[in-house]
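# Tertiary structure, described
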Amino acid sequence: MKKVLIPVTNHATLGETDQANGTYSPELTHVVHVLKENGIDYDIASIKGGKAPLYGTDIEGDEVNSQVLADEDFQNRVNNTIPVNQLNTANYDAVFYPGGFGLLSDLASNEDFAKLSAEIYENGGILSAVCHGPAGLLPITLSNGESLLASISVTSFTREEEIDFGTIEDIPFLLEEAVSRKSARFNKVQPWQEFVIEDGRVITGQNPASAHAVGKAIAKQLIN
């Protein structure tokens, strides 16, 4: 059975504010839903391990989000994330970084997950992310010393979307700018539209509306 490693943040607030945050639930649940539909297993991990802070668990009208959140197995995994120091890269065929503002404060600069992701990628695995998730790709350096993103075309949550969402003043850094500086090419469409870029084995989605499509792209590559 194919297996995906899902790193999530331990940071429970928006930047240095006291606004509850963490991983944005629908971006995690929609991808988990697609993985399960396709018989693909997953582990949820974090830097410290333990319970992962989630927000967006009460979104109205999102049946997929509600369905996955109600699943006991999922709750067990998200409340008992595996610490990064207990992971074995040989167990995984792909990595998926869900978004939410929390990871801008930890995974965006974490060398431990960056090294694991580089190893999985160089062993033929897939790296994927959605919304703010591509922040997790920023610290990844390949064995040749080059940044993963240096030759990759990507997307992420955009400056316009930060402004629309009212978070531009509170985020630790502007993701679009950081990703643009490191990547071969940054791509985006109008705010809040579904948009996914597949550049070889690197898959990125622009915003929450793109999460389901990112899940499908991961599943398609793993199954084929």
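The sections below set out a description of the structure shown in this document. Throughout this document, residue positions are counted from 1 along each chain, in the order its sequence is written. Given that the model is predicted, a residue must reach a pLDDT of at least 70 before its local features are reported, and side-chain atom pairs must reach 80 or more before they are shown or counted; all residues, however, enter totals for whole chains, interfaces and linings. Heavy atoms throughout the structure, all of them, feed into the side-chain values; hydrogens and water do not.

### A look at the packing of aromatic side chains
The condition is simple: Planes of paired rings set the category: under 30 degrees apart is stacked, over 60 is edge-to-face and the rest tilted, where pairs are Phe, Tyr or Trp rings (Trp by its six-membered ring) whose centres lie within 6.5 Å. In this text, helices come from DSSP runs of H or I with a minimum length of four residues, and strands from runs of E with a minimum of two, each type numbered from the N-terminal end. Burial classification: accessible surface area is computed with a 1.4 Å probe over protein chains only, and a residue below 20% of its type maximum counts as buried, one above 50% as exposed, and the rest as partly exposed.
Summed over the entire model, instances satisfying the criterion amount to 5 aromatic pairs. Relative to phenylalanine 157, the ring of phenylalanine 101 lies with its centre 6.5 Å away and its plane at 90°, an arrangement referred to as edge-to-face. Placement of phenylalanine 101 in the loop between strand E6 (94-97) and helix H4 (111-122) and of phenylalanine 157 in the loop between strand E8 (153-154) and helix H5 (159-165) is noted, with a sequence separation of 56 residues between them. The exposure class of phenylalanine 101 is buried, given its relative accessible area of 3%. Residue classification places phenylalanine 157 among the buried positions, given a relative accessible area of 3%. Ring centres 6.0 Å apart and planes at 20° place the aromatic pair phenylalanine 101 and phenylalanine 165 in the stacked group. Of the two residues, phenylalanine 101 sits in the loop between E6 and H4 while phenylalanine 165 sits in helix H5, which places them 64 residues apart along the sequence. Residue phenylalanine 165 is classed as partly exposed on the basis of its relative accessible area of 48%.

### A short note on the environment of glutamate 111
Inspection of the secondary structure assignment puts glutamate 111 in helix H4. Spatially, the C-alpha atoms of glutamate 111 and aspartate 164 are 31 Å apart, while their sequence positions differ by 53 residues.

### Some words on unusual backbone geometry
The residue cysteine 131 is not glycine, and still its phi comes out positive at about 65°. Within the fold, cysteine 131 resides in the loop between strand E7 (126-130) and E8. Residue classification places cysteine 131 among the buried residues on the basis of a relative accessible area of 3%.

### Considering the sheet that holds strand E1 (residues 3-7)
The condition that has to hold: When DSSP finds two or more bridges between a pair of strands, those strands are recorded as paired. What makes two residues a contact is simply this: any of their non-hydrogen atoms within 4.5 Å. Under this scheme, a helix contributes an axis fitted over its contacting stretch, all axes are lines through C-alpha atoms, and angles between N-to-C directions fall in the 0 to 180 degree range.
With mixed pairing, 7 strands are arranged side by side in an open sheet as E5-E3-E1-E6-E7-E11-E10. Each edge of the open sheet is held by one strand with a lone partner, namely strand E5 (82-83) and strand E10 (196-199). Taken together, the 4 bridges between E10 and strand E11 (residues 202-205) define a ladder with antiparallel strand orientation. Counted as the bridge partner of aspartate 199 is valine 202 from E11. Lying on the sheet, helix H1 (residues 25-37) is in contact with E1, strand E3 (41-46), E6 and E7; it crosses E3 at an angle near 155°. The sheet contacts of helix H7 (residues 211-223) involve E1, E6, E7, E10 and E11, and relative to E7 the element is tilted by about 170°.

Purely geometric numbers; function is a separate question.
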